[in-house]
Amino acid sequence: FMSELTIGELAKLAEVPSSTVRYYESMGLVAASKRINGQRRYTADVIKRLDFIKLAQQAGFSIAEIVTLLEGFETDLPPLSQWRTVAEQKLAEVEIAIVRAQKMKFLLQEGLRCGCMNYDECSERLATEGHC
């Protein structure tokens, strides 16, 4: 088990490009690396942090929101209250994404069923007949 990893080794283990590691470092998501002979060196625990960042991004969190998740909140409000606010906002965003996905699913299903030649024809038939 290596105690220090080069940026390339870290990137490979975390399954992200080296440029992503540098970007996360510049955004404060990953602690600035120490350098040995000008080469960035990281401890293996950074892999878990990178995995968390990837998961949060896949869940739709912005870089700023991920910084907040990792570093905490900067106000005097109780943490539970702040987490609840973030969770409620994200849930609302997820609900909107679900509605959009359901609409797209319907359009794709109708498109597979219909014999229309283009979207305009299909859209017109959906509006007038309720189906294609």
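Structure report, in brief. Please read these numbers as outputs of a predicted model, since none were measured by experiment. (Residues numbered from 1 in each chain as written. Predicted model: local features only at pLDDT ≥ 70, side-chain atom pairs only at ≥ 80, totals over all residues. Heavy atoms only, no water.)

Turning next to the packing of aromatic side chains. Across all of its chains, the model carries one aromatic pair by this definition. Taken together, a centroid distance of 6.1 Å and an interplanar angle of 50° make the contact between Tyr23 and Tyr24 tilted. Judged by its relative accessible area of 39%, Tyr23 falls in the partly exposed class. Positioned over the ring face of Phe61 is Lys90, at 4.9 Å from the centre of the ring. (Phe/Tyr/Trp six-rings, centres within 6.5 Å; stacked < 30°, edge-to-face > 60°. Buried < 20%, exposed > 50% of the residue type's maximum accessible area, 1.4 Å probe, protein only. Lys NZ or Arg CZ within 6 Å of the ring centre and 35° of its normal.)

Attention now goes to the environment of Glu121. Of note, Glu121 is situated in helix H6 (residues 119-129). With 32 residues separating them in the primary sequence, Glu121 and Gln89 have C-alpha atoms 38 Å apart. (Helix = DSSP H or I, 4+ residues; strand = E, 2+ residues; numbered from the N terminus.)

Applying the stated criterion across every chain yields a total of five salt bridges. When the shortest N-O distance is used, the salt bridge between Glu4 and Lys34 registers 2.5 Å. Of the two residues, Glu4 is situated in the segment before strand E1 (5-6) and Lys34 in strand E2 (residues 34-36); the sequence distance between them amounts to 30 residues. Looking at Glu4, the relative accessible area reads 23%, which means it is partly exposed. The salt bridge involving Lys90 is made with Glu65; its shortest N-O contact spans 3.0 Å. Here the residue Lys90 occupies a position in helix H5 (residues 79-113), and Glu65 occupies one in helix H4 (residues 63-71), the gap between them amounting to 25 residues. (Salt bridge = Lys/Arg side-chain N within 4 Å of Asp/Glu carboxyl O.)

Another aspect to go through is the sheet that holds E2. Two pairing modes exist for strands in a sheet, parallel and antiparallel, and in both the strands are linked by backbone hydrogen bonds. Taken together, the three strands give an open sheet; going across it, the order is E1-E3-E2, and neighbouring strands pair in antiparallel fashion. A single partner strand is all that each edge strand has here, and the edge strands are E1 and E2. Here E1 pairs with strand E3 (residues 39-42) via two bridges, running antiparallel. Looking at the pairing, Thr6 lines up with Arg41 of E3. (Pairing = 2+ DSSP bridges.)

Further remarks concern the layout of surface pockets. Its volume calculated, the largest pocket comes out at about 160 Å³. Along the walls of the largest pocket sit Glu4, Val30, Ala31, Ala32, Ser33, Lys34, Arg41, Tyr42, Thr43, Asp45, Val46 and Arg49, which together make up its complete lining. Looking at the lining of the largest pocket, the elements with two or more residues in it are E3 and helix H3 (46-58). Tallied by class, the residues present in the lining of the largest pocket amount to five nonpolar, two polar and five charged. (1 Å grid on protein atoms, 1.4 Å probe; cavity = no way out; pocket = protein on both sides within 12 Å on 5 of 7 lines; lining within 4 Å. Points joined across faces, edges and corners; volume = space filled by probe spheres on them. Nonpolar A, V, L, I, M, F, W, Y, C, P; charged D, E, K, R; others polar.)

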